Amino acid sequence: MSAPTPAPPEITYTNCRRCGTEIAGLDGRYACGVCGWINHYSEGYHPLPTARDDPDWTGPNCR
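A brief look at the structure comes next. Just so it is clear, the structure is predicted and the values come from calculations on it, not from any experiment.

**Some words on a nonpolar patch on the surface**
Right, so step 1: A cluster of nonpolar residues, I11, Y13 and L26, forms a patch on the protein surface that exposes about 350 Å² of accessible area.
Right, so step 2: Checked against the element boundaries, Y13 lands in strand β1 (residues 11-15).
Right, so step 3: On the accessibility criterion, Y13 (56% relative accessible area) is exposed.

**What about the pairing of β1?**
Right, so step 1: Note that β1 and strand β2 (residues 22-26) share five bridges and pair antiparallel. Bridge assignment links I11 to a residue of β2, and that residue is L26.
Right, so step 2: In this antiparallel pair of consecutive strands, β1 and β2, the connection spans six residues, and G20 shows a positive phi of 85°.

Procedures and definitions
Residues numbered from 1 in each chain as written. Predicted model: local features only at pLDDT ≥ 70, side-chain atom pairs only at ≥ 80, totals over all residues. Heavy atoms only, no water. Patch = residues over 30% accessible without salt bridge, like charges linked within 9 Å, V, L, I, M, F, W, Y side chains within 5 Å. Areas by Shrake-Rupley, 256 points an atom, 1.4 Å probe, with all protein chains shown as cover. Salt bridge = Lys/Arg side-chain N within 4 Å of Asp/Glu carboxyl O. Helix = DSSP H or I, 4+ residues; strand = E, 2+ residues; numbered from the N terminus. Buried < 20%, exposed > 50% of the residue type's maximum accessible area, 1.4 Å probe, protein only. Pairing = 2+ DSSP bridges.

Coordinates in, geometry out; function isn't part of it.
Right under this line is the structure:
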């Protein structure tokens, strides 16, 4: 039995913590195009997928 398909990412909005510009991101992960600020990946709403979740992943020894 295969694992359930994850939900598609949600577009979210916030104000940049450095310059205040309204920015959009995916699932709570943001990068400001005005000043270059980014939030830490762990602040997102869902865990990031692993390499094993990639349909093209062929194993730990792939190149």
